[in-house]
Amino acid sequence: MIKIYSPASIGNLNVGFDVLGAAIAPINGKLLGDCITIQSSKIFKLIITGNFSFQLPEKMKHNIVWKCWNHFCKILKKNILVLIILEKNMPIGSGLGSSACSIVSTLVAINKFCNKPLNQQELLNLMGTIEGEISGEPHYDNVAPCYHGGLQLVIQENNLISQSIPFFKNWLWIVAWPGINISTSEARSILPNQYNKKTCITHSRLLASFIHASYTQQYYLALKLMQDIIAEPYRKQLIPKFITIKQTMLKLGAMSFGISGSGPTIFMICDDKKIASKIYLWLSNNYLKNKTGFVHICKLDTQGTRTIGL
Ligand code: HSE
């Protein structure tokens, strides 16, 4: 029996739409991600547990885990007889890479169960393809950090899908999911098909300079460059009281603020635990719309997807 854990992730990081993403881990040691347990079985069986299992489609063939298994069976040209248990701990449509958590943990688990017929790159490729089937277009900014951990830059050239980027180790990342859902494909469909020349040039400058600032460890420069001119102008309407919340976060001491992936989770960066606690409290009291919503103070998860104890 094998149990695999895959962490939540923040896609885009403001400055890198579809090409930057970071895996996160709460500083209190709790796990924030999905788990897959796999064992041999006489017939294929899928059992779903976890706090957010109620959000998943009832038909097995609509479940991402089944889709991953089905892809793998086609690749290996055999019926892989396993019992898979999905612990669905991440809310879907939250902007925290929930589908990536299920895809990555399932593919890593099946690959391990089958004695690793796919290498890391083939696996990551498949993860992006399946993510694309769900959200409308393949994008790796959740699956890559979820799989490899840390801060990942998506490259997709020369047989290189993603690359680890140095990050700022003292940054605290506060994430708040209000308890409501936004479909990634809808959040993608409200973005323009074309951007003007000035926006393209500014975007290139911000992203290239952010990567430079990360490699040269220029802390304040990196924070200043974390501007979202691609998605935030269009997606902020999807987030309740966006402008007020952004202003409040910056007043409380957040050094950066943004929409995590396609939202509605928001993320803030700071380097001081007291400020992080203030932000945590304010969001817990003011941003959550129901009891399922949550706020976590996180660090980056450097391990990514891994085997954990049963
Ligand atoms: N980069 C993707 C988007 C992430 O923003 O649409 C989705 O979680």
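Residues numbered from 1 in each chain as written. Predicted model: local features only at pLDDT ≥ 70, side-chain atom pairs only at ≥ 80, totals over all residues. Heavy atoms only, no water.

Things to note about the site of the ligand
- Neighbouring the ligand are Asn-12, Phe-17, Asp-18, His-139, Asp-141, Asn-142, Thr-184, Arg-188, Arg-235, Gly-261 and Ser-262.
- Separating a nitrogen atom of the ligand from a side-chain N or O atom of Asn-12 is a distance of 2.8 Å.
- Separating an oxygen atom of the ligand from a side-chain N or O atom of Asn-142 is a distance of 3.1 Å.
- Coverage of the ligand by the protein chains reaches 98% of its 260 Å² of free accessible surface.
- Residues that form the shell around the ligand fall into these classes: one nonpolar, six polar and four charged.
- Among the domains, domain 1 (2–165 + 302–307) and domain 2 (172–299) are the pair contributing at least three residues each to the shell around the ligand. (Near = heavy atom within 4 Å. Polar contact = N/O pair within 3.5 Å; in protein donor to acceptor, adjacent residues only side chain to side chain. Areas by Shrake-Rupley, 256 points an atom, 1.4 Å probe, with all protein chains shown as cover. Nonpolar A, V, L, I, M, F, W, Y, C, P; charged D, E, K, R; others polar. Domains from an automatic or database assignment.)

Describing the nonpolar core
- Ranked by size, the top nonpolar core spans 39 residues in total, and within it Trp-69, Ile-84, Leu-107 and Met-127 carry the most contacts.
- Of all the secondary-structure elements, those providing two or more residues to this core are strand 1 (2–7), strand 4 (33–40), helix 1 (64–76), strand 6 (82–87), helix 2 (98–113), helix 3 (120–135) and helix 4 (143–148).
- What Trp-69 contacts, discounting residues up to four positions off in sequence, is Phe-44, Asn-79, Ile-80, Val-82, Ile-84 and Ile-110.
- If you look at the next biggest cluster of nonpolar residues, it comprises 38 residues, including Ala-8, Ile-10, Met-90 and Leu-206. (Core = buried A, V, L, I, M, F, W, Y, C linked by side-chain atoms within 4.5 Å. Buried < 20%, exposed > 50% of the residue type's maximum accessible area, 1.4 Å probe, protein only. Helix = DSSP H or I, 4+ residues; strand = E, 2+ residues; numbered from the N terminus. Contact = heavy atoms within 4.5 Å.)

Notes on the layout of surface pockets
- By volume, the largest pocket amounts to about 590 Å³.
- What lines the largest pocket is a set of 38 residues, and nearest its centre among them are Ile-92, Gly-93, Ser-99, Ile-134 and Thr-184.
- The set of elements that each furnish at least two residues to the lining of the largest pocket consists of helix 1, helix 2, helix 3 and helix 5 (184–189).
- Looking at the lining of the largest pocket residue by residue, the classes come out as eleven nonpolar, 20 polar and seven charged.
- In this structure, the second largest pocket spans a volume of roughly 210 Å³. (1 Å grid on protein atoms, 1.4 Å probe; cavity = no way out; pocket = protein on both sides within 12 Å on 5 of 7 lines; lining within 4 Å. Points joined across faces, edges and corners; volume = space filled by probe spheres on them.)

Quick look at the packing of aromatic side chains
- Tallied over the entire structure, the rule returns 13 aromatic pairs.
- Through a chain of ring-to-ring contacts, the aromatic side chains of Phe-168, Trp-171, Trp-173, Tyr-219, Tyr-220 and Phe-267 assemble into a single cluster.
- Across from the ring centre of Phe-167, 5.4 Å away, lies the NZ or CZ of Lys-169, which sits over that ring. (Phe/Tyr/Trp six-rings, centres within 6.5 Å; stacked < 30°, edge-to-face > 60°. Lys NZ or Arg CZ within 6 Å of the ring centre and 35° of its normal.)

A few points about the sheet that holds strand 6
- Read across the sheet, five strands follow the order 5-6-4-1-13 without closing on themselves; strand pairing throughout is mixed. Here the strands that pair on one side only, and so sit at the sheet edges, are strand 5 (45–49) and strand 13 (306–307).
- One ladder, built from six bridges, connects strand 4 with strand 6; its direction is antiparallel. Pairing of Ile-36 across the sheet is with Leu-86, part of strand 6.
- Packed onto the sheet, helix 2 meets strand 1, strand 4, strand 6 and strand 13 and runs at close to 25° relative to strand 4. (Pairing = 2+ DSSP bridges. Axes fitted to C-alpha atoms, helices over the stretch in contact; angles between N-to-C directions.)

A look at the side chain of Ser-102
- Positionally, Ser-102 belongs in helix 2.
- Residue Ser-102 is classed as buried on the basis of its relative accessible area, which comes to 3%.
- Ignoring any residue separated from it by four or fewer positions in sequence, one finds Ser-102 in contact with Asp-34, Ile-64, Leu-86 and Lys-88.

Some remarks on helix 2
- For helix 2, which comprises 16 residues, the first-to-last C-alpha distance of 23 Å matches the rise-based estimate of 22 Å (1.5 Å per residue) to within 8%.
- Positive phi shows up at Asn-115, right after helix 2, with a value of about 65°. (Expected span 1.5 Å × (residues − 1).)

Points about the domain arrangement of the protein chain
- Taken domain by domain, the protein chain comprises domain 1 (2–165 + 302–307) and domain 2 (172–299).
- One C-alpha centre belongs to domain 1, the other to domain 2, and the line joining them spans 23 Å.
- Contact residues are listed per partner, giving 34 residues for domain 1 and 43 residues for domain 2.
- Summing both sides of the interface, domain 1 and domain 2 together bury roughly 2,900 Å²; the carbon and sulfur share of this comes to 66%.
- When the buried surface of domain 1 facing domain 2 is broken down by residue, Asn-14, Val-15 and Phe-17 rank first, second and third, together holding 25% of it.
- Between the two partners, domain 1 and domain 2, sit two salt bridges. (Buried area = accessible area lost by both parts, 1.4 Å probe. Salt bridge = Lys/Arg side-chain N within 4 Å of Asp/Glu carboxyl O.)

Description of empty space enclosed by the protein
- For the coordinates displayed, the defined rule picks out one cavity of 30 Å³ or more.
- Here the largest cavity is characterised by a volume of approximately 30 Å³.
- Every residue along the wall of the largest cavity is listed here: Leu-13, Leu-151, Pro-166, Phe-167, Phe-168, Trp-171, Trp-173, Phe-210 and Ser-214.
- Of the residues assigned to the lining of the largest cavity, the class counts are eight nonpolar, one polar and no charged.

What to know about the environment of Ile-211
- Residue position: Ile-211 is located in helix 6 (residues 197–215).
- Separated by 45 residues in the primary sequence, Ile-211 and Pro-166 have C-alpha atoms spaced 8.7 Å apart.
- Leave out the neighbours within four places in its chain, and Ile-211 touches Leu-20, Leu-153 and Ile-165.

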